[in-house]
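Each chain, letter by letter, is given below.
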Amino acid sequence: ILAVSTENMDRTIADLTRINVTLILVILALLGLMLWWTIVLGANPIRKMTEAASAIALGDADGHIEINRASTESTRLAEALNEMVDALRLSEQRIKRFVADASHELRTPLTTLRGYSDLYESGTLRSDADVADAMRRIRSEADRMNNIINDLLVLRTADETKTVLTP
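This text gives an overview of the structure that appears in the document. (Residues numbered from 1 in each chain as written. Predicted model: local features only at pLDDT ≥ 70, side-chain atom pairs only at ≥ 80, totals over all residues. Heavy atoms only, no water.)

Turning our attention to the overall build of the protein. On a plain count of helices and strands, the protein comes out with three helices and zero strands. Excluding contacts between residues fewer than 6 apart, the proportion of contacts in the protein whose partners are at least 24 apart in sequence is 62%. Accessible area for the protein stands at about 13600 Å²; split by element, carbon and sulfur atoms hold 62% of it. Averaging the coordinates of the 19 positive side-chain charges in the protein and doing the same for the 24 negative ones gives two points 1 Å apart. (Helix = DSSP H or I, 4+ residues; strand = E, 2+ residues; numbered from the N terminus. Contact = heavy atoms within 4.5 Å. Areas by Shrake-Rupley, 256 points an atom, 1.4 Å probe, with all protein chains shown as cover. Lys, Arg positive; Asp, Glu negative; His and termini not counted. Charge placed at Lys NZ, Arg CZ, Asp CG, Glu CD.)

The following block contains the structure:
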């Protein structure tokens, strides 16, 4: 019987098996690294933005999103969301200032109306000329309040119309 030694072939197969196992482990490590990179640079920022958007929807417009300086879509989305938060905050400040101004503008004629009606009720306005002057001033302040209210209604109507902005 003739026999050929298979020692070289067995060694070659063992070497190829080691190379294949090492290559598979390297590939799995690279895939794991790519998955980690995707989560850190992709999913985590989007999760943070989702949380921030939910907070904004609940009325908390104070938060900014930490921006990862990598040039990714999630970075650009975070920047856009931060700009939206800034615009929302500015809009709220303008609304508060407008309400304060409108309140002041309405309070002044109301104070005048109350003052002249108190004068009339106390009997201080004795002559017909004084009563006529007080009524003229009351009418003037009522007209002023009416103009302010009409201006507010015009603003509300203008605010309700949809404006199309072109880039």
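Within the secondary structure, Glu66 sits in the loop between helix H1 (7-57) and helix H2 (73-122). For the pair Glu66 and Ala78, spaced twelve residues apart in sequence, the C-alpha separation works out to 7.8 Å.

This next bit is on the pattern of salt bridges. One side chain can pair with another of opposite charge once the charged atoms of both are near each other. Applying the stated criterion across every chain, the model contains eight salt bridges. The partner of Glu7 in a salt bridge is Arg11, with the nearest N and O atoms 3.1 Å apart. With a gap of four residues between them, Glu7 and Arg11 both fall in helix H1, about one helical turn apart. A salt bridge links Arg18 to Asp15; the shortest N-O distance between them is 2.2 Å. One end of the pair, Arg18, and the other, Asp15, are both in helix H1, three residues apart, so they sit about a helical turn from each other. (Salt bridge = Lys/Arg side-chain N within 4 Å of Asp/Glu carboxyl O.)

Locating Leu119 in the fold gives a position in helix H2. Placed twelve residues apart in sequence, Leu119 and Val131 show a C-alpha to C-alpha distance of 9.4 Å. Ignoring sequence-local partners within four residues, the contact set of Leu119 consists of Thr124 and Leu125.

To continue, consider the side chain of Asn82. Summarising the element assignment, Asn82 is placed in helix H2. Among the residues examined, Asn82 registers a relative accessible area of 8% and is labelled buried. (Buried < 20%, exposed > 50% of the residue type's maximum accessible area, 1.4 Å probe, protein only.)

Here we take up a nonpolar patch on the surface. On the surface, a nonpolar cluster with roughly 790 Å² of combined accessible area is contributed by Val21, Leu23, Ile24, Leu25, Ile27, Leu28, Leu31 and Met34. Note on placement: Val21 falls in helix H1. (Patch = residues over 30% accessible without salt bridge, like charges linked within 9 Å, V, L, I, M, F, W, Y side chains within 5 Å.)

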